[in-house]
Amino acid sequence: MTSSFSSDVRAAVLTISDRCSRGDQDDLSGPAVRQLLETAGVSVVAAEILPDELDLIAAALRRHSATAGLIVTTGGTGLAARDVTPEATRQVCERLVDGLAERMRAEGLLHTPLAALSRAVCGTLGATLIVNLPGSPSGAKSSLAAILPVLQHALDLLAGRTEHPAASDRNQHGSGPQVE
Amino acid sequence: MTSSFSSDVRAAVLTISDRCSRGDQDDLSGPAVRQLLETAGVSVVAAEILPDELDLIAAALRRHSATAGLIVTTGGTGLAARDVTPEATRQVCERLVDGLAERMRAEGLLHTPLAALSRAVCGTLGATLIVNLPGSPSGAKSSLAAILPVLQHALDLLAGRTEHPAASDRNQHGSGPQVE
Amino acid sequence: MTSSFSSDVRAAVLTISDRCSRGDQDDLSGPAVRQLLETAGVSVVAAEILPDELDLIAAALRRHSATAGLIVTTGGTGLAARDVTPEATRQVCERLVDGLAERMRAEGLLHTPLAALSRAVCGTLGATLIVNLPGSPSGAKSSLAAILPVLQHALDLLAGRTEHPAASDRNQHGSGPQVE
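Predicted, not measured: the structure shown is a model, and the values here were computed from it. (Residues numbered from 1 in each chain as written. Chains lettered and ligands numbered in written order. Predicted model: local features only at pLDDT ≥ 70, side-chain atom pairs only at ≥ 80, totals over all residues. Heavy atoms only, no water.)

Q: What's the story with the environment of B:A59 in this structure? I'm lost.
A: All names here are of chain B. Along the chain, A59 falls in helix 3 (residues 54–65). What makes A59 partly exposed here is its relative accessible area of 35%. Spatially, the C-alpha atoms of A59 and A88 are 8.7 Å apart, while their sequence positions differ by 29 residues. (Helix = DSSP H or I, 4+ residues; strand = E, 2+ residues; numbered from the N terminus. Buried < 20%, exposed > 50% of the residue type's maximum accessible area, 1.4 Å probe, protein only.)

Q: I tried to follow the pattern of salt bridges on my own but got confused; where do I start?
A: A side chain of one charge can pair with a side chain of the opposite charge if their charged atoms are brought near each other. Throughout the structure, instances matching the rule amount to 30 salt bridges over all chains. A salt bridge links B:R82 to B:D18; the shortest N-O distance between them is 2.5 Å. Taken as a pair, B:R82 in the loop between strand 3 (70–74) and helix 4 (85–92) and B:D18 in helix 1 (residues 18–22) lie far apart in primary sequence, 64 residues in all. Here B:D18 falls in the buried class, since its relative accessible area comes to 4%. Close ionic contact of C:R22 with C:D24 constitutes a salt bridge, the shortest N to O distance being 2.8 Å. (Salt bridge = Lys/Arg side-chain N within 4 Å of Asp/Glu carboxyl O.)

Q: Hey, could you run me through the packing of helix 3 (residues 54–65) of chain C against helix 4 (residues 85–92) of chain C in this one?
A: How two helices sit against one another is set out by the angle between their axes and by the gap between those axes. All names here are of chain C. It is at 9 Å that the axes of helix 3 and helix 4 come closest, and there the two elements cross at 45°. Here helix 4 runs oblique to helix 3, going by the angle between their axes. Crossing geometry of helix 3 relative to helix 4 is assigned as right-handed. In contact with L54, I57, A58, L61 and R62 of helix 3, helix 4 contributes T85, E87, A88, T89, Q91 and V92. Grouping the amino acids of the contact of helix 3 with helix 4 by side-chain chemistry returns six nonpolar, three polar and two charged. (Axes fitted to C-alpha atoms, helices over the stretch in contact; angles between N-to-C directions. Parallel < 35°, antiparallel > 145°, perpendicular 65-115°, else oblique. Left-handed = near helix turned anticlockwise from the far one by under 90°. Contact = heavy atoms within 4.5 Å. Nonpolar A, V, L, I, M, F, W, Y, C, P; charged D, E, K, R; others polar.)

Q: I'm lost on the sheet that holds strand 4 (residues 95–96) of chain A in this one. Help?
A: The pairing of strands in a sheet comes from backbone hydrogen bonds and takes either a parallel or an antiparallel form. All names here are of chain A. Reading across the sheet, the six strands line up as 2-1-3-6-5-4 and stay open at both edges, with mixed pairing between neighbours. Two strands in the sheet have a free side with no partner beyond their single neighbour: strand 2 (43–50) and strand 4. Bridge count between strand 1 (residues 10–16) and strand 2: seven bridges; the pairing is parallel. Bridge pairing in strand 2 places A12 opposite A46. (Pairing = 2+ DSSP bridges.)

Q: Just to check I follow, could you spell out the confidence of the model for chain A for this structure?
A: Residue and element names in this part refer to chain A. Considering every residue of chain A, the mean pLDDT works out to 89; 87% of them sit at 70 or more. When the criterion is pLDDT under 50, residues 164–180 qualifies, and its contacts beyond four places in sequence or with other chains add up to 58 contacts. Predicted complex metrics record ipTM = 0.88 and pTM = 0.90. (pLDDT = per-residue confidence, 0-100.)

Q: I tried to follow helix 2 (residues 29–39) of chain C on my own but got confused; where do I start?
A: The periodicity of an α-helix, 3.6 residues per turn, causes residues three or four positions apart to be oriented the same way. Residues and elements named next belong to chain C. Turning to helix 2, its buried residues number three or more, namely S29, G30, A32, V33 and L37. The buried side chains of helix 2 occupy one side of the element, clustering within an arc of 165° when seen end-on. Exposed residues on helix 2 whose side chains face more than 90 degrees from its buried face are Q35 and T39. Looking at the packing, one finds that the buried side of helix 2 touches strand 1 (10–16), strand 2 (43–50), strand 3 (70–74), strand 6 (128–133) and helix 6 (137–158). After helix 2 finishes, the residue G41 shows a positive phi value of roughly 100°. (Arc of directions from axis to C-beta.)

Q: Help me out: how do you make sense of the pairing of strand 3 of chain B in this one?
A: Counted residue by residue, strand 3 of chain B has five buried out of five residues, so it is predominantly covered. Side chains B:L70, B:V72 and B:T74 of strand 3 of chain B all project onto a buried face; the interleaved residues B:I71 and B:T73 project onto the opposite face, where all are buried too.

Q: Whenever I open this one, the sheet that holds strand 6 (residues 128–133) of chain B confuses me. Can you help?
A: Residues and elements named next belong to chain B. The strand order across the open sheet built from six strands is 2-1-3-6-5-4, with neighbouring strands paired in mixed fashion. Each of the sheet's edge strands pairs with one partner strand only, and the pair in question is strand 2 (43–50) and strand 4 (95–96). One ladder, built from two bridges, connects strand 4 with strand 5 (residues 122–125); its direction is antiparallel. Paired with L96 across the bridge in strand 5 is G123. Here helix 2 (residues 29–39) sits on the sheet and contacts strand 1 (10–16), strand 2, strand 3 and strand 6; the angle it forms with strand 1, its principal contact strand, is near 160°. Sheet contacts for helix 3: strand 1, strand 2, strand 3, strand 5 and strand 6; angle to strand 2, the most-contacted strand, approximately 165°.

Q: Would you take a moment to explain the packing of helix 5 (residues 98–109) of chain C against helix 6 of chain C for this structure?
A: All names here are of chain C. Running from N to C, helix 5 and helix 6 point in directions that differ by 135°, and their axes come no closer than 8 Å. Between helix 5 and helix 6, the crossing angle belongs to the class labelled oblique. Note that helix 5 runs across helix 6; the crossing there is right-handed. Of the residues in helix 6, those touching helix 5 at L100, R103, M104 and E107 are S142, S143, A146, I147 and V150. Looking at side-chain class alone, the contact of helix 5 with helix 6 contains five nonpolar, two polar and two charged residues.

Q: What am I meant to see in the side chain of C:T124 here?
A: With respect to the helices and strands, the residue C:T124 is situated in strand 5 (residues 122–125). Setting aside residues no more than four positions away along its own chain, C:T124 makes contact with B:L79, C:C93, C:E94, C:R95, C:V97, C:L129 and C:L158.

Q: Just checking my understanding: could you explain helix 5 of chain C for this structure?
A: Given a rise of 1.5 Å per residue, twelve residues ought to cover 16 Å, and the 17 Å separating the end C-alpha atoms of helix 5 of chain C matches this to within 8%. Those residues of helix 5 of chain C lying buried are C:G99, C:L100, C:A101, C:E102, C:M104, C:R105, C:E107 and C:G108. At its buried positions, helix 5 of chain C is contacted by helix 5 (98–109) of chain A, helix 5 (98–109) of chain B together with strand 5, strand 6 and helix 6 of chain C. (Expected span 1.5 Å × (residues − 1).)

Q: Where do I start with the pairing of strand 5 (residues 122–125) of chain A in this structure?
A: On a regular strand, each side chain points to the face opposite its neighbour's, so the side chains alternate between the two faces of the sheet. Residues and elements named next belong to chain A. Residues C122 and T124 line one face of strand 5 and the alternating positions G123 and L125 line the opposite face, and both faces are buried. Bridge count for strand 5 against strand 6 (residues 128–133) is four bridges, and the pairing is antiparallel. Each bridged residue has a counterpart across the sheet, and for G123 the counterpart in strand 6 is I130. Between strand 5 and strand 6, which pair antiparallel one after the other, the connecting turn spans two residues, and G126 there sits at a positive phi close to 60°.

Here it is in structure tokens:
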């Protein structure tokens with residue numbers, strides 16, 4: 001397994017922040033996430049800044065899922081009243097992937113105990129994987145870096161590119177057969 | 001960040017146990033939790049012993065959320081038929097904070113593999129944070145101690161006391177803007 | 001606590017795999033899981049191979065819960081479109097035990113980062129515990145081995161065999177009173 005991506009992975013990066021949306025604060029996290037993805041070989045085909053509004057976030061997730069195999073959000077995952085990114089993500093996703101969120105929080109805890117307060121979720125909408133990252137540049141980068149090594153495999157499975165039967169014992173996560 | 005609390009944190013401690021409720025067993029966990037909170041600077045404004053009855057637990061959670069910013073339960077988180085504290089908590093909470101429950105279980109696993117069987121959840125009801133702890137005094141204390149360092153910050157966010165923009169990169173959990 | 005089981009634990013092992021069900025691939029995981037359980041003293045009273053069909057899996061879980069205290073599945077926990085074992089398990093379970101799934105994923109991460117992609121869940125249906133394992137033989141075995149030490153205790157609690165009050169402080173997971 002490698003952390004590099006095949007050339008056809010298209011990603012959208014959504015910065016969720018009232019302040020950045022109003023122009024009261026520079027968006028540092030979105031560009032940091034974009035750079036990390038591009039360095040790994042992902043084509044970032046869209047980047048948007050949205051306010052912390054559930055309906056707007058859910059609509060953006062649905063819209064970008066039509067063209068992006070990976071949607072990464074940053075921000076809105078905490079406990080403040082207007083933090084609704086996880087709610088929007090749960091609303092649009094058909095399946096959640098708890099293990100990715102657990103892995104990101106475990107990584108975050110190596111840097112700060114506050115990582116325990118992240119309500120970030122990961123899930124799938126059709127063949128698109130949606131990943132919530134924390135809002136701070138450092139938290140967003142370390143969380144994304146923690147799961148980058150498995151994202152290509154996740155996207156392969158979502159796209160129906162499943163392993164050759166001969167490789168089945170390497171199929172540690174238990175996923176399954178060729179889609180028919 | 002510090003684990004000490006500002007003076008205005010008001011907490012309720014609920015011991016959930018049929019045996020303690022009937023007087024068949026002394027409540028050791030409730031007082032242990034109370035002492036740990038008070039040592040950290042929290043005012044414990046209420047302490048109750050309740051039987052393992054979902055409706056009674058849910059009603060007590062709702063009632064205390066009107067006056068307490070933090071409600072800590074102990075007991076009723078296991079697999080026995082009458083263990084319903086997580087169900088009552090899920091019923092009343094608007095949002096769950098999975099990372100706090102994960103953190104407590106990870107801490108518990110350092111002491112006993114049985115910690116994997118805890119179904120304890122944490123969540124928010126309005127501006128109140130509800131935390132389920134295991135029923136044993138030692139398990140309750142170690143679980144609470146594991147998350148004490150981040151509770152003040154969690155309560156600040158719930159109460160709308162969010163960080164100054166200049167501190168945003170320390171905002172590792174990604175929460176958000178001033179509530180407007 | 002010991003990892004050996006009392007003689008009356010009856011288990012069913014379900015292999016969930018389109019390929020194995022069609023005979024296109026040998027089922028290595030089911031027999032591996034069976035051997036691990038039998039070595040631990042569990043009577044495996046049923047073993048079945050099912051295709052990745054939600055309704056068939058849910059029906060099998062319900063059917064075996066009538067006679068088995070433990071149902072272990074292997075396969076169908078990943079992100080491919082036909083991976084539906086977690087959905088079938090969630091559909092039939094009355095309560096989920098997130099800590100067991102977390103524990104298995106944490107163990108899996110020691111072997112491969114792909115363990116973060118497992119959507120395996122554990123839950124209860126009446127007095128039966130249902131455990132999803134990954135589909136690969138090695139992943140299935142290491143995940144099951146990670147939780148074997150606490151399964152007897154879990155089954156005791158589900159069956160109403162709760163601890164003597166004098167042992168309550170060893171009751172780290174917070175479960176509860178004698179069922180009445």
